[in-house]
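Survey of secondary and tertiary structure
Chain residues, written in single-letter form:
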Amino acid sequence: MAHRSTHHWLALLWAIALVFMAVQLTSRLSASAFDTSILALLPQDKRQPVVDRALERMDGVIANRVLLLIGGAQADRNQLQVLAGEVADGLSASGAFTSVTTQADVGSLSALAAVYQPYRYQLLTDEVEERLAKGETEPLVNRAVREMVSPIGRPRPASVVDDPLNLLGMWMEGLTPATGFVPDQHGLYARQGNEHFRVIRATFSGDPFAEATQKPVLRAVESAGDQVRENDVATEFLRSGLVFHAAAGAEQARSELSTIGIGSLMAIVLLLLWHFRSFSYLALPVVSVGVGLLVALSASLMVFERVHLVTLAFGASLVGVSIDYAFHYLCHARDRVTHGIRHILPGITLGVVTSCLAYGAQALTPFPGLQQIALFSAAGLIGAWLTVVLWFPLAQRWLGQGRQQNQLGQWLQGLVRFRGVLAVLLGVLVLVALSGFPGLRFNDSLSALQSSPPDLMAQEQKVQALSESPGSARFLLVEGASIQQVLERTEQASGYLDKLVVDGRLQVYQSVSGWVPSIVRQREYRQLVKSAVFDRGVPTELFDALGMPPKLASRSQARFENNDAGWLLPKDLEQSPVAELFDSLWLKTDNSERPHAALITLGKVSSPAVYEDLAALAGKLEGVRFVDRVGQTSALLGDYRATLSQWMALAYGLVLLVLIVRYGWQCWRVILPPALATVVTLGLLSALGQPLNLFNFLATLLILGIGLDIGIFVRESHGEWHAWEAVTLSAVTSLLAFGLLALSETPVLHHYGMTVLPGIALAWLIAFVLHRRAES
Amino acid sequence: MKGALCIGKWMVGLSLVASLVAPAWAAETREAGTSALQSLLGEQAKVESLAGQFDQSKYIADLDTTLDSSGDFAFDADEGLRWNIQKPVPTQLRITADEIVEEQDGEVVMRMDVDDQPMTRAISEVFFAIFGGNWDKLSERFTIRTLQDGSPWRFELTPKGDMLQSHLSSIELQGEAYLNALILRETNGDQTHIQLHDVKAH
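Residues numbered from 1 in each chain as written. Chains lettered and ligands numbered in written order. Predicted model: local features only at pLDDT ≥ 70, side-chain atom pairs only at ≥ 80, totals over all residues.

This is how it is decided: UniProt positions are given in the numbering used here, feature names are shortened, and annotations may be inferred rather than shown by experiment.
Per an unreviewed UniProt entry, chain B is named Outer membrane lipoprotein carrier protein LolA, and its organism is Marinobacter persicus. What UniProt records for chain B under Subunit (unreviewed entry) is the sentence "Monomer."

Named according to an unreviewed UniProt entry, chain A is Exporter originating from Marinobacter persicus. Its UniProt record gives chain A the following Subcellular location (unreviewed entry) comment, quoted word for word: "Cell membrane".

**A word on the overall build of chain B**
As a reminder, the rule being used: We count a stretch as a helix when DSSP gives it H or I for four or more residues in a row; a strand needs E for two or more, and each element gets its number in order from the N terminus. Note on contacts: each residue gets a C-beta atom placed from the backbone, and two residues are in contact if those atoms are within 7 Å.
If you tally the helices and strands in chain B, you get five helices and eleven strands. For chain B, restricting intrachain contacts to residue pairs at least 6 apart in sequence, the fraction spanning at least 24 positions comes to 44%.

**Things to note about the overall build of chain A**
Stated precisely, the cut-off is as follows: Two things to know: the radius of gyration comes from C-alpha atoms, and the globule rule equals 2.2 Å times the number of residues to the power 0.38. Burial in this document is a count-based property: other C-beta atoms within 10 Å of a residue's C-beta are tallied, and the residue is buried at 20 or more, exposed at 12 or fewer, or partly exposed in between, with C-beta positions derived from the backbone.
Counting its secondary structure elements, chain A contains 28 helices and 13 strands. Scaling as 2.2 N^0.38, a compact globule of 776 residues should have a C-alpha radius of gyration of about 28 Å, whereas chain A reaches 35 Å, well beyond that. Projected onto its principal axes, the C-alpha coordinates of chain A cover approximately 120 × 55 × 55 Å. Looking at chain A residue by residue over its 776 residues, the buried ones come to 44%. For chain A, restricting intrachain contacts to residue pairs at least 6 apart in sequence, the fraction spanning at least 24 positions comes to 80%.

**Some details on unusual backbone geometry**
Backbone torsion omega between Lys87 of chain B and Pro88 of chain B reads 5°, so that peptide bond is classified as cis. Even without being a glycine, Arg277 of chain A presents a positive backbone phi close to 50°. Tracing the backbone shows Arg277 of chain A in the loop between helix 9 (242–276) and helix 10 (279–304). One non-glycine residue, Asp198 of chain B, adopts positive backbone phi at about 55°.

**Observations concerning the environment of Ala313 of chain A**
Mapped onto the secondary structure, Ala313 of chain A falls in helix 11 (residues 309–319). Along the sequence, Ala313 of chain A and Phe437 of chain A sit 124 residues apart, while their C-alpha atoms lie 29 Å from each other.

**Notes on helix 8 (residues 211–230) of chain A**
All names here are of chain A. Operational definition: In this analysis, the expected span of each helix is defined as 1.5 Å times one less than the number of residues it contains. This arc corresponds to the set of directions leading from the helix axis out to the C-beta atoms.
Between its first and last C-alpha atoms helix 8 spans 28 Å; for 20 residues at 1.5 Å apiece the expected length is 28 Å, and the two agree. When helix 8 is considered as a whole, its buried residues turn out to be Gln214, Val217, Ala220, Val221, Ala224 and Val228. Buried residues along helix 8 cover an arc of 145° about the axis, so they all sit on one side. Opposite its buried face, helix 8 presents the exposed residues Glu211, Ala212, Lys215, Arg219, Glu222, Asp226, Arg229 and Glu230, each directed more than 90 degrees away. Of the surrounding elements, those touching the buried residues of helix 8 are strand 2 (65–73), helix 3 (77–94), strand 7 (234–240) and helix 9.

**A few points about the domain arrangement of chain A**
Condition: Domain start and stop points were drawn from an automatic or database domain assignment.
Domain annotation for chain A reports domain 1 (1–35 + 277–404), domain 2 (56–105 + 183–240) and domain 3 (107–176 + 520–567). For domain 2 of chain A and domain 3 of chain A, the distance between their C-alpha centroids amounts to 41 Å.

**A word on the environment of Pro673 of chain A**
Residues and elements named next belong to chain A. Inspection of the secondary structure puts Pro673 in helix 25 (residues 668–687). Using a count of 30 C-beta atoms within 10 Å as the deciding quantity, one classes Pro673 as buried. Counting along the chain gives 92 residues from Pro673 to Leu765, while the straight-line C-alpha distance between them is 8.0 Å. In this structure, Pro673 is in contact with Gly707, Ile710, Gly711, Ala763, Ile766 and Ala767, ignoring residues within four places of it in sequence.

**Topic: helix 3 of chain A**
Residue and element names in this part refer to chain A. Between its first and last C-alpha atoms helix 3 spans 25 Å; for 18 residues at 1.5 Å apiece the expected length is 26 Å, and the two agree. Every buried residue of helix 3 is listed here: Leu80, Gln81, Leu83, Ala84, Val87, Ala88 and Leu91. One side of helix 3 holds all its buried residues, which, seen down the axis, span an arc of 160°. Turned more than 90 degrees away from the buried face of helix 3, the exposed residues are Asp89 and Ala93. Residue Gly95 follows helix 3 closely and has a positive phi angle near 80°.

**What to know about the confidence of the model for chain B**
All names here are of chain B. So the rule is basically this: Note: pLDDT gives the predictor's confidence per residue, expressed from 0 to 100.
For chain B, mean pLDDT is 70; residues scoring 70 or higher make up 65% of the total. Within chain B, no element has a lower average pLDDT than helix 1 (residues 11–20), which sits at 31, and none a higher one than strand 2 (residues 65–76), at 89. Throughout residues 1–33 the model reports pLDDT below 50, and contacts reaching past four residues in sequence, or to other chains, amount to 86 contacts. Note on the complex model: pTM 0.71, ipTM 0.74.

**A word on the packing of helix 10 of chain A against helix 12 (residues 323–335) of chain A**
Residue and element names in this part refer to chain A. Which entries qualify depends on this criterion: Lines fitted to C-alpha atoms define the axes here, with helix axes fitted over just the stretch in contact, and angles between the N-to-C directions of these axes take values from 0 to 180 degrees. The handedness criterion is simple: a crossing whose near helix is rotated anticlockwise from the far helix by less than a right angle is left-handed, and one whose near helix is rotated clockwise is right-handed.
At a minimum axis separation of 9 Å, helix 10 and helix 12 run at an interaxial angle of 145°. Crossing angle aside, the handedness with which helix 10 passes helix 12 is right-handed. Facing helix 10, whose interface residues are Tyr281, Leu284, Pro285, Ser288 and Val289, helix 12 presents Ile323, Tyr325, Ala326, Phe327 and Leu330.

As structure tokens, then:
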């Protein structure tokens, strides 16, 4: 009696603890509690706040932008242009966008000219600088004269007296925006061979991942697409923008949830109803796993404050292992007239200890993602275990009593006769897996995990190629103690980049120093203009050649001498038409502690080898680093994979120690099902020619958890059939819940499912073949 | 002409020209009587080739001074326009239906392809329109007002585009048998007078 009341008290205490956890969880739960950025998965010591800021800036620029291209034959450019105008009007009228334009956004460069005008004696293009340095002023004079009298000369932002050689005109011409889109009188277009594309650019407000944002944008673009298809001259309609990928991902998730998700859920419910023939039996596992998830999330947010969504997904699937405890209890309870937990307590306790050891070991790795998964799954398993131990016996009165006709048990017993056949089958699978090992390959590249539909990716790539716009995936990041130091270092890097551009290896790049030279350089330029132009009487030569009065030359000379504009600084561009572009390159500092930093964005390269050169260049220059997001992410996935597989070995070692204590040398019978199943699964995947990645290895954690439970429960219950029923139910529900993900078109889920499916089936099969039932 | 027909890679130049050759298809209604103009203009309306000398005098208001240049030109409906500036520096400009090429001292200093650069196509079209007497085309981009009927005739072209109006006030064309003078007035007060003489036509 005393024992019984202790149990009640403990059950009540657990309920109170859960209420407390639920309350503190609601206070922590907010949108900001979840990380989605891949950067959050980087090990702490590898995190670079300034790089994070740069990447955020890059994302911010592209997140709310949409590019639409209407393509057709070059000969039809006029009709295409009219169509683009109509489509833009339609998009504008839809109200889904904050701006829609077919024009270039350079604004009025005459306003920019006004900003530069006072500094005209200290802004030089490389070509002009070279000529002045060599003293070759004659070609410059000839050019200036020609441009003065030719009907198609270069524009002159400053008068011939203020700027006799039109240095400012040449400087401004060098500011050509880096884009493959070219403006004509009606707006932007691109050309590829005989194809002509009109460009429509639009921006919208709101989170591109939110359905409320996606819907109107997609609807507007869809009707624009119809409009284009109805037109005879337009042959192509290309879309580019993060929102399309986000929407496609959401759509795919929705459709898979309603097919794979609902399908597997229905199958699990039907299986459990078929086996237990009672709704109470269905409710209890849901309660235990639900409590497990609550505890897991609560504990994770308490420790980490922020949890990554990836952690959540994989952690939750590991907490799913805890359904084993519920099944074990229910199958036992149904099979026996005796109630209580005592009989199965050692089994499920050993199960939770080994699983927590195996998953918890990951907490020692330096990777936040693995640490979070470790804590999340361990906390979840313990929560579910406590629920089964403390609450389930109290729910006994709602459970059906006594042994009933049991189909599953009979089938399992019938299957024993085919154990020899199953052993042969297993042997064949092992041989096939062995043959796969020599071909074992890893592929950690991000593109292998790309989940956008191929059609959308093809459109995106074509638009990227046509726009020649600098990608946001790779860039140079320049840091310095002061704004001027950043500019000087950027100029140093630009010197190398210019060579790449001249060699045709890099299409284009954009840097802050292209808009504002450092003071050091401005001083050099001004000195050069003084010595090579004004000290040498070049204005006199020019006005002479033009046949204009000599007094203009002396006026020009006086204007130079009286010019005291000071130095052009980045802040001078803040009010200019290019402020937005300039701003996207300059990382403003929030406080003085941080170093100043700016980006150099890069256009298309001729070959991937250029990136290696850029990385090498960044290594040589102080304060300059090459950020390669694609490479970085792939490397990160590779690091996670390598670390996870090493720590898996440690996890197996720890589990083995516990099992030796309990079972002595017989422990191999318990450890072999998950271990062999994992090895054979990876071998089979290789035999199928599938390269392995992190998500295959994450799935092996699930195989370990379920495989161990199979071995332990069966062993602890001396092979009684209720234990076999429990582990079989657990294996089948896991196959239905996670194995069916193999059907998913989302690569991450597909890889996970492809591993779980054979892995868990094999673990069960191995245990079944191995086990010698203690004859009763 | 400088100023109005300035082009370069630079945007201001581009948009300036862009508006000068404002879209034919965007034009709402044509100004009345281009066919009447055509009959009035007589020979100039169906010129095949035209050649002669020019004297250009550009008044720069800002400096209160005049910049003179001179040279010869030849227009052929098939080959395009050659604009040879002899003074103050020899420069050859060739405007064809395909490209615009500028040479100095026998060296090509600028070459623009009509297909790659629609601005170039636009400039080429305007030159062809003025020298070839294609008033139809011109009326799509300008409002044409008759200043003086008969012979000699004078017409004033006012740009239709907003952007251009801020730079260019008007272009005046004068002629008798053929075009013999262009006067270009810019909003900043600059004025370019191009006088054609010894014009021979075929």
